[in-house]
Amino acid sequence: MNEVRIGKWVISGDFLLFMIASALLGITMAVENTSITNRLIEDLHFTADQRTQLEMPREIPGLLVVFLVGGLAFLGDVRTAAFANILGGCGLFVFGLIPSGYWPVVAALMIYNTGTHIYMPMAGVISMSFAKGDNIGRRLGEIQAINMAALILTSGSLYLLYRFLKIPFVVSFTAGAIAMVIAGILFLFMKPIQTAPKRKRLVVKKKFKLFYMLCMIFGMRKQITITLVPLLLVTVYNQPAETLAILFFIVSIVNIFFRPWLGGFIDKKGERFVLMLEAILILVACTGFAFSRLIFPENIALIVVGVCYLIDNLFSGAGMARTTYIKRLSDDPDEVSSTLALGISLDHILSMSMPMLAGFIWVTYGYGYIYVFCGGLVIAILNLLISNRIRVPAKQEEMTTESV
């Protein structure tokens, strides 16, 4: 496609296709976030034990993503994105149809997760390919905002459809699967990225050592957001599901505007500054999670925890800084997507085991949650120390206000 005019903006046809694909994937993410657990428990009658055990095989594709992406190097980044989303959509569609059975569910979700994990590094690389000059952080933020907007609209629609029309789960999973497959097909109509047509299979370099360390720490840090804070709100503060839904909705709305701003802030202040700021804010948030109930009355403590949750969620977007760090540090464009894929695999090494360790501490010791979030303080300090060592070559740090 050639250039397309939208109002006063003129953008490339490929960028328009990518924005549409990102919006479609927001629909798929909304179906995943709102419906997978419900279908497993309500429709397939999984026990709580079976549900938690499912997380280990579900995350295996994340651990293996560096090899999966390497094996698809011959396709190039854009064609790999097409394959990943078509594969993931097929897995999600099959999951929506399965009538029963533990292992068929595992197989279908592993296919879906294989697609989503292969696409993760491709999304960053393709987003950055549409940035001019050094405005790569802002471009990442804009794409994530589009994805987030579609996720919010779909989540709200699903709520209404489930509540008032009582649609079966097969309808929502079919819709999510179709959106993902169409997104994959759109990538087939995009031109390959000219800067990296022959992606390297595996890249391990000394100059990326800080990135590798940051990814492993992020594997632990993200579990604070995904697993531990919801567990805190439910088990310690006795909050219903509606509380988490409201908090998620607030974060999602704010992120539509916050992510582009944060991406531009990365371009302006640099990766080192933003990652150190994230570490400091996580330090503050984990202090609130651990000690609010000991310091404040319970109603005030709940508000403090809610604010800390919002801070934690919003600055999880600082992960964009790790992506732009690799882009700016790299001398060879061919190595970017392979390095990002390795980062995802390193992330999963610790993220797969941390919930089990944290859960053991949580239930074994009195006030176990305090010890768990004190562990979060240690993670934040490590993140701060490593982020402080980040340096980008001077020639890469010159920023520009040019945009696509």
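Conventions and cut-offs
Residues numbered from 1 in each chain as written. Predicted model: local features only at pLDDT ≥ 70, side-chain atom pairs only at ≥ 80, totals over all residues. Heavy atoms only, no water. Core = buried A, V, L, I, M, F, W, Y, C linked by side-chain atoms within 4.5 Å. Buried < 20%, exposed > 50% of the residue type's maximum accessible area, 1.4 Å probe, protein only. Helix = DSSP H or I, 4+ residues; strand = E, 2+ residues; numbered from the N terminus. Contact = heavy atoms within 4.5 Å. Salt bridge = Lys/Arg side-chain N within 4 Å of Asp/Glu carboxyl O. Phe/Tyr/Trp six-rings, centres within 6.5 Å; stacked < 30°, edge-to-face > 60°. Polar contact = N/O pair within 3.5 Å; in protein donor to acceptor, adjacent residues only side chain to side chain. 1 Å grid on protein atoms, 1.4 Å probe; cavity = no way out; pocket = protein on both sides within 12 Å on 5 of 7 lines; lining within 4 Å. Points joined across faces, edges and corners; volume = space filled by probe spheres on them. Axes fitted to C-alpha atoms, helices over the stretch in contact; angles between N-to-C directions. Left-handed = near helix turned anticlockwise from the far one by under 90°. Nonpolar A, V, L, I, M, F, W, Y, C, P; charged D, E, K, R; others polar.

**Q** Sorry if this is basic, but what is going on with the nonpolar core here?
**A** Nonpolar side chains in soluble globular proteins tend to be buried together. Counting residues in hydrophobic clusters, the biggest one holds 64 residues, and the most contacted among them are Leu 228, Leu 232, Phe 289, Trp 362 and Phe 373. By residue number, the principal contributor to this core is helix H8 (residues 209–235), which donates 12 residues. Sequence-distant contacts of Trp 362, that is, excluding residues within four places in its chain, are made with Leu 228, Leu 231, Leu 232, Thr 235, Val 236, Gly 368, Tyr 369, Val 372 and Phe 373. Counting 49 residues, the second-largest nonpolar core is a separate cluster that includes Phe 18, Ala 82, Phe 95 and Ala 183.

**Q** Help me understand the pattern of salt bridges, please; the structure alone is not making it clear to me.
**A** Taken as a whole and judged by the stated rule, the model has nine salt bridges. Lys 222 is paired through a salt bridge with Asp 347; the nearest N and O atoms lie 3.0 Å apart. Of this pair, Lys 222 sits in helix H8 while Asp 347 is found in helix H13 (residues 336–351), placing the two residues 125 residues apart along the sequence. For the pair Lys 222 and Asp 347, one class covers both residues: buried.

**Q** For this particular structure, what's the right way to read the environment of Val 170?
**A** For Val 170, the location among the structural elements is in helix H7 (residues 169–188). Residue Val 170 is classed as partly exposed on the basis of its relative accessible area of 31%. Once the C-alpha coordinates of Val 170 and Leu 97 are considered, the two residues, 73 residues apart in sequence, prove to be 6.2 Å apart. Here Val 170 is in contact with Gly 96 and Leu 97, once residues within four sequence places are set aside.

**Q** What am I meant to see in the packing of aromatic side chains here?
**A** Ring pairs (aromatic) are described by centroid distance and by the angle formed between their planes. Tallied over the full model, the rule gives 17 aromatic pairs. The interplanar angle of 45 degrees and the centroid separation of 5.2 Å between the aromatic rings of Phe 289 and Phe 373 together place this pair among those described as tilted. Of the two residues, Phe 289 sits in helix H10 (residues 271–295) while Phe 373 sits in helix H15 (residues 368–387), which places them 84 residues apart along the sequence. Each member of the pair, Phe 289 together with Phe 373, is buried.

**Q** Hey, could you run me through the side chain of Asp 267 in this one?
**A** Mapping Asp 267 onto the fold places it in helix H9 (residues 241–269). Judged by its relative accessible area of 4%, Asp 267 falls in the buried class. In this structure the side chain of Asp 267 is engaged in a polar contact, spanning 2.8 Å, whose partner is the backbone nitrogen of Gly 137.

**Q** Help me understand empty space enclosed by the protein, please; the structure alone is not making it clear to me.
**A** In this approach, a probe sized like a water molecule rolls over the atoms, and the result shows the empty space that is left. Using the criterion set out here, one finds three cavities of 30 Å³ or more in the structure. Volume-wise, the second largest cavity comes out at about 50 Å³. Leu 214, Ile 217, Phe 218, Arg 221, Leu 275, Glu 278, Arg 322 and Asn 383 together form the lining of the second largest cavity. Those elements giving two or more residues to the lining of the second largest cavity turn out to be H8 and H10.

**Q** Sorry, what's going on with the packing of H8 against H10 here?
**A** The geometry of a pair of packed helices is captured by two quantities: the angle between their axes and the separation between those axes. Running from amino to carboxyl end, H8 crosses H10 at an angle of 30 degrees, the nearest separation of the two axes being 12 Å. Crossing hand, H8 versus H10: left-handed. Residues Leu 214, Arg 221, Ile 224, Val 229 and Leu 232 of H8 form the contact with H10, whose own contacting residues are Leu 275, Glu 278, Ile 282, Cys 286 and Phe 289. The class makeup of the residues in the contact of H8 with H10 is eight nonpolar, no polar and two charged.

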